[in-house]
Amino acid sequence: LSFLTSCEDMLLVNCDECQLVEPVSGLLNIQLGETISSNISYDVTIYRGKIDDGIIIYKGTAFTSFSHSVRLNSEYTVTASSVIKGIEYIAVDATRPRVEIITESCGDTCYLVVNNTVNLKIKYY
């Protein structure tokens, strides 16, 4: 484990998660607000770009957080809607997954996928 810092952010690097070949795709992690006792379903839609662009690459129902394979260096907007106690809630988040090249912390050049998580947890209902 090592730390990389710059003017913009600090990155915690786990060299075991590094890839030796630069990836062109990666997993987009969709975090939903599931709890063990609740049986809430979420209608999840993943858009390439902004919602207004209308390019849907995934549409489905989920009960728990999951990952979906996407191409890197593109923007993705994700929505999750659910009806809880008769009221519809919609969560929206966006990110642009990309590759961070690490040359000094690990033994070899390390390619690490970053910015690949969206948080769609509904906190209050």
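Residues numbered from 1 in each chain as written. Predicted model: local features only at pLDDT ≥ 70, side-chain atom pairs only at ≥ 80, totals over all residues. Heavy atoms only, no water.

Visitor: Just to check I follow, could you spell out the overall build of the protein for this structure?
Guide: When helices and strands are tallied, the protein shows zero helices and eleven strands. What you see in the protein, going N to C, is helices and strands ordered as β-β-β-β-β-β-β-β-β-β-β. Sorting the 125 residues of the protein into buried and exposed places 37% on the buried side. Excluding contacts between residues fewer than 6 apart, the proportion of contacts in the protein whose partners are at least 24 apart in sequence is 57%. Summed over all atoms, the accessible surface of the protein reaches about 8000 Å², with 48% contributed by carbon and sulfur. (Helix = DSSP H or I, 4+ residues; strand = E, 2+ residues; numbered from the N terminus. Buried < 20%, exposed > 50% of the residue type's maximum accessible area, 1.4 Å probe, protein only. Contact = heavy atoms within 4.5 Å. Areas by Shrake-Rupley, 256 points an atom, 1.4 Å probe, with all protein chains shown as cover.)

Visitor: Please explain the side chain of Asn 116 as it appears in this structure.
Guide: Relative to the helices and strands, Asn 116 resides in the loop between β10 (110–114) and β11 (117–120). A relative accessible area of 15% means that Asn 116 is categorised as buried. A distance of 3.0 Å separates a polar side-chain atom of Asn 116 from the backbone oxygen of Leu 27. Ignoring anything within four residues of it in the chain, the contact list for Asn 116 reads Leu 27, Leu 28, Asn 29, Thr 95 and Pro 97. (Polar contact = N/O pair within 3.5 Å; in protein donor to acceptor, adjacent residues only side chain to side chain.)

Visitor: Just checking my understanding: could you explain the state of the cysteines for this structure?
Guide: Two cysteines whose sulfur atoms are joined by a covalent bond form what is called a disulfide. In this structure the tally under the stated criterion is two disulfides. Here Cys 15 connects covalently by a disulfide to Cys 106, the sulfurs 1.9 Å from one another. Linking Cys 15 and Cys 106, the disulfide has an S-S dihedral of approximately -85 degrees and is accordingly described as left-handed. One end of the pair, Cys 15, is in the loop between β2 (10–13) and β3 (25–32); the other, Cys 106, is in the loop between β9 (98–102) and β10, with 91 residues separating them in the sequence. Given the relative accessible area of 10%, Cys 106 is considered buried. Along the protein, the cysteines engaged in disulfide bonds are linked according to the scheme 1-3, 2-4 when indexed in sequence order. (Disulfide = S-S within 2.5 Å.)

Visitor: What exactly am I supposed to notice about the sheet that holds β3 here?
Guide: Strand pairing in a sheet relies on backbone hydrogen bonds. The paired strands run either parallel or antiparallel. Ordered in space as β6-β3-β11, the three strands form an open sheet in which the pairing is mixed. Edge positions in the open sheet fall to β6 (66–71) and β11, since each of these has one partner strand only. Across the sheet, the axes of successive neighbouring strands diverge by a mean angle of 25 degrees, strand direction being ignored. Inspection of the sheet shows β3 paired to β6 by six bridges, in the antiparallel sense. Considered in β6, the bridge of Leu 27 is made with Ser 69. (Pairing = 2+ DSSP bridges. Axes fitted to C-alpha atoms, helices over the stretch in contact; angles between N-to-C directions.)

Visitor: How should I be thinking about unusual backbone geometry in this particular structure?
Guide: For residues besides glycine, phi is generally negative; the peptide bonds are generally trans as well. With a phi close to 65 degrees, Asn 73 is a non-glycine residue in the positive phi region. When you line up the elements, Asn 73 lands in the loop between β6 and β7 (76–84).

Visitor: I'm lost on the nonpolar core in this one. Help?
Guide: Nonpolar side chains in soluble globular proteins generally cluster together in the buried interior. Core analysis: the biggest nonpolar cluster contains 19 residues, and Leu 28, Ile 30, Leu 32, Tyr 42, Val 44, Val 78 and Leu 120 have the highest contact counts within it. Of all the elements in the fold, those that place two or more residues in this core are β3, β4 (42–48), β6, β7, β8 (87–95) and β11. If one sorts the elements of this core by residue count, β7 sits on top with four residues. The residues touching Val 78, leaving out its near neighbours within four places in the chain, are Leu 28, Ile 30, Val 44, Thr 45, Ile 46, Ala 91, Val 92, Asp 93, Val 118 and Leu 120. Counting seven residues, the second largest nonpolar core, distinct from the first, contains Val 13, Cys 18, Ile 102 and Cys 110. (Core = buried A, V, L, I, M, F, W, Y, C linked by side-chain atoms within 4.5 Å.)

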